Amino acid sequence: MRPYVDTVEGDAALPGEVDLAIIGGGIVGCAAAFWAAEQGFRVALIEKGRIAGEQSSRNWGWVRRMGRDAAEYPLGIESLRIWDTLQQRTGHDTGFRRTGIVYTAQTDAEMAWIESVAQDAETFGIGARRLTEAQLQAQFPGGTVPARAGLLTADDGRAEPALAAPALAKGARAKGAAILTNCAVRDIETKGGRVSAVLTERGRIPCGAAILAGGAWSRLFLGNLGVSLPQLRVRGSVMRTEPLEGGPKYALGNGQFGIRPRLDGGYTISRRGRAKVQITPDSFRLLPHFMKSLKEHRGEVSLTLDRGLWDGLVTPRRWSADSVTPFEKCRVLDPEPQHGMLDQALRAVTKVFPAFRNVKIAEKWGGIIDVTPDAVPVIDHAAAIPGLVIATGFSGHGFGIGPAAGQLASEMALNQTLTVDPTPFRLSRFGALAGAAAPTAAAE
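Basis of the calculations
Residues numbered from 1 in each chain as written. Predicted model: local features only at pLDDT ≥ 70, side-chain atom pairs only at ≥ 80, totals over all residues. Heavy atoms only, no water. Helix = DSSP H or I, 4+ residues; strand = E, 2+ residues; numbered from the N terminus. Rg over C-alpha atoms; globule rule 2.2 N^0.38 Å. Buried < 20%, exposed > 50% of the residue type's maximum accessible area, 1.4 Å probe, protein only. Contact = heavy atoms within 4.5 Å. Areas by Shrake-Rupley, 256 points an atom, 1.4 Å probe, with all protein chains shown as cover. Lys, Arg positive; Asp, Glu negative; His and termini not counted. Charge placed at Lys NZ, Arg CZ, Asp CG, Glu CD. Axes fitted to C-alpha atoms, helices over the stretch in contact; angles between N-to-C directions. Parallel < 35°, antiparallel > 145°, perpendicular 65-115°, else oblique. Left-handed = near helix turned anticlockwise from the far one by under 90°. Expected span 1.5 Å × (residues − 1). Arc of directions from axis to C-beta. Polar contact = N/O pair within 3.5 Å; in protein donor to acceptor, adjacent residues only side chain to side chain. Phe/Tyr/Trp six-rings, centres within 6.5 Å; stacked < 30°, edge-to-face > 60°. Core = buried A, V, L, I, M, F, W, Y, C linked by side-chain atoms within 4.5 Å. Salt bridge = Lys/Arg side-chain N within 4 Å of Asp/Glu carboxyl O. Pairing = 2+ DSSP bridges.

Trainee: How do you make sense of the overall build of the protein when you look at a structure like this?
Mentor: A count of helices and strands for the protein gives 13 helices and 20 strands. Against the compact-globule benchmark of 22 Å for 444 residues, the protein has a radius of gyration of 21 Å, which places it among compact chains. Its C-alpha atoms give the protein principal-axis dimensions of roughly 65 × 45 × 40 Å. Taking all 444 residues of the protein together, the buried fraction comes to 57%. Relative to all contacts within the protein whose residues are 6 or more apart in sequence, the contacts with residues 24 or more apart total 76%. Per element, the accessible surface of the protein, about 17,700 Å² overall, is 52% carbon and sulfur. Seen as two clouds, the 51 positive and the 45 negative side-chain charges of the protein have centres 3 Å apart.

Trainee: Can you walk me through the packing of helix 3 (residues 73-90) against helix 6 (residues 164-174) in this structure?
Mentor: When two helices pack together, their arrangement is given by the angle between the helix axes and the distance between those axes. At a closest axis distance of 9 Å, the pairing of helix 3 and helix 6 adopts a crossing angle of 45 degrees. For the element pair helix 3 / helix 6, the angle class is oblique. Along this stretch, helix 3 crosses helix 6, giving a crossing that reads as left-handed. Along the contact surface, helix 3 presents Trp83, Leu86 and Thr90, while helix 6 presents Ala164, Ala167, Leu168 and Gly171.

Trainee: Help me understand helix 4 (residues 108-123) in this model?
Mentor: Helical geometry: 3.6 residues make up each α-helical turn, so side chains three or four residues apart lie on a common side. For helix 4, spanning 16 residues, the distance from its first C-alpha to its last is 23 Å, which sits close to the expected 22 Å at 1.5 Å a residue. By the burial criterion, the buried members of helix 4 are Ile114, Val117, Ala118 and Ala121. Buried residues of helix 4, seen end-on, are gathered within an arc of 100 degrees and therefore sit on one face of the element. With respect to the buried face of helix 4, the exposed residues turned more than 90 degrees away are Asp108, Ala109 and Thr123. Against helix 3, strand 4 (101-105), strand 5 (128-132) and strand 6 (149-153) lie the buried residues of helix 4.

Trainee: Would you take a moment to explain the side chain of Asp282 for this structure?
Mentor: Locating Asp282 in the fold gives a position in helix 8 (residues 281-285). By relative accessible area, Asp282 is classed as buried at 14%. A distance of 2.8 Å separates polar atoms of two side chains, one belonging to Asp282 and the other to Arg285. The residues contacting Asp282, other than those within four sequence positions of it, are Arg219, Leu232 and Arg317.

Trainee: Would you take a moment to explain the packing of aromatic side chains for this structure?
Mentor: Two aromatic rings, taken as a pair, are described by how far apart their centres are and by the angle between their planes. Summed over all chains, the structure comprises 13 aromatic pairs. Summarising the aromatic geometry, the rings of Trp62 and Tyr103 are spaced 5.9 Å apart at their centres and angled 50 degrees between planes, so their arrangement reads as tilted. Of this pair, Trp62 sits in strand 3 (residues 62-63) while Tyr103 sits in strand 4; the two residues are 41 residues apart in sequence, bridging distant segments of the chain. The interplanar angle of 45 degrees and the centroid separation of 5.9 Å between the aromatic rings of Phe221 and Phe327 together place this pair among those described as tilted.

Trainee: What is the right way to look at unusual backbone geometry in this model?
Mentor: Glycine aside, the phi torsion of most residues is negative, and most peptide linkages are trans. At Asn182, a position not held by glycine, the phi torsion is positive, near 50 degrees. Take Asn182: it is sitting in the loop between strand 8 (178-180) and strand 9 (185-191). Look at Ser395: it is not a glycine, yet its phi comes out positive at around 55 degrees.

Trainee: Mind showing me how you'd approach the nonpolar core here?
Mentor: Grouped burial of nonpolar side chains is what soluble globular proteins tend to show. Membership of the largest hydrophobic core comes to 53 residues, with the highest contact counts inside it found for Trp83, Ile211 and Ile379. The element that contributes the greatest number of residues to this core is helix 1 (residues 27-38), accounting for 10 residues. With near-sequence residues (within four places) excluded, Ile379 lies in contact with Leu75, Ile390, Ala391, Phe394, Ala405, Leu408, Ala409, Met412, Pro422 and Phe425. Listed in part, the 35 residues of the second largest apolar core include Leu180, Ala216, Leu220 and Leu427.

Trainee: What's the story with the pattern of salt bridges in this structure? I'm lost.
Mentor: For side chains bearing opposite charge, pairing can occur when the charged atoms are close. All told, the structure shown has 29 salt bridges when counted by the stated rule. For Asp93, the salt bridge goes to Arg97, with nearest N and O atoms at 3.4 Å. According to the relative accessible area criterion, Asp93 is partly exposed, its value standing at 29%. Arg219 is paired through a salt bridge with Asp282; the nearest N and O atoms lie 2.9 Å apart. One end of the pair, Arg219, is in helix 7 (residues 218-224); the other, Asp282, is in helix 8, with 63 residues separating them in the sequence. Asp282 shares its class with Arg219; the two are buried. One continuous salt-bridge network, built from bridges that share partners, spans Glu160, Arg240, Arg260, Arg262, Asp264 and Glu363.

Trainee: What exactly am I supposed to notice about the pairing of strand 15 (residues 267-271) here?
Mentor: A large share of strand 15 lies buried, amounting to five of its five residues. Side-chain alternation along strand 15 places Tyr267, Ile269 and Arg271 on one buried face and Thr268 and Ser270 on a second face that is also buried. In the sheet, strand 12 (residues 232-241) pairs with strand 15 via two bridges, with the strands oriented antiparallel. Its bridge partner being in strand 15, Arg240 is matched across the sheet by Thr268. As paired strands, strand 14 (residues 257-261) and strand 15 are joined by five bridges and run antiparallel to one another. Considered in strand 15, the bridge of Pro261 is made with Tyr267. The hairpin turn running from strand 14 into strand 15, its antiparallel successor, is five residues long, and Gly265 in that turn takes a positive phi close to 95 degrees.

Below you can see the structure in the form of structure tokens.
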């Protein structure tokens, strides 16, 4: 079931030569295109399906700095600053509002995590406010929040996934970028040892540099180029309600659910901390990379057997530039939502907020999240392919940092001054195998 997304029509004709070709029309790719076009560069944004068709329209819509890996805080801080400017710069509403986010803690482990997040907030100068149990209850009139403590960042916010990436794409087009939808990139051409063009199903686009922001498809695309990216797929499920009164004013995350107020008066709801890792052939290939993470988060993740295993078995891992690719056979990943998990989330929300007792559910949907072994993205030059920058692996929290991540990727690809230090996002941090040539599919 596909959630509503603001439509961005693709251009009828391919552009001529561009300075930057961007593969993938999610939040990161659209942000990269918008920033580069705004700087006066010639840009082509190329999407195999539709703009924000996959995880960029299926996430929770939180825009937060709080609660991230330390490596991501600079991106989060810069992104929040960018979010403030996007409506004016693009001429379109992204739905962004600084309305605050609250995390709560009930167990000893959650209390320790809240304290760790509070310390990170102090380190990075984020105005996070610790809340006692009584103060927490005062923030949620009409509800009874089961928690010993909480943490509020009033300046963090939310945006609408249905609007944000399309707004950036439309803004990029207004600055001169070409927008191509239902147009898969099949391969990258090199000349003189560096990127010279992208080869699409509709033809060749000469370019000086390229960015791969392909989300859950990035490992497959890079594998065909001989680059190994440790990345697995996690299946998430989300629902949205019809408008109702009496719900929380803050986005709230606890041990059972995540909930966010929407512009339309409804709420986005999901089960928190219950990720479903798809069992695929890559699960076995990449087990050494992910073993540590699976052990550390064994209470929060579980394996799920769905059609992802079959798809992984039958999907070609090698193709030529003149053949139909997997990206043309599956334009949009659209998994079935996990109804039982969503029912559990709604019951937990209703127990805390009785206003949801008779709420009507407007939509439910599934989504595929691209995950790295340390849940931190890769934003890096592809060492084996000069001129190509990889921006992927955002591990379920890329929406909020998407504007800065996309800008950083464009800055790297175009040799501009860097807004954020990309060192923590290097592909090489995963060891000798990551980024190395993969000579045969069987050896991968």
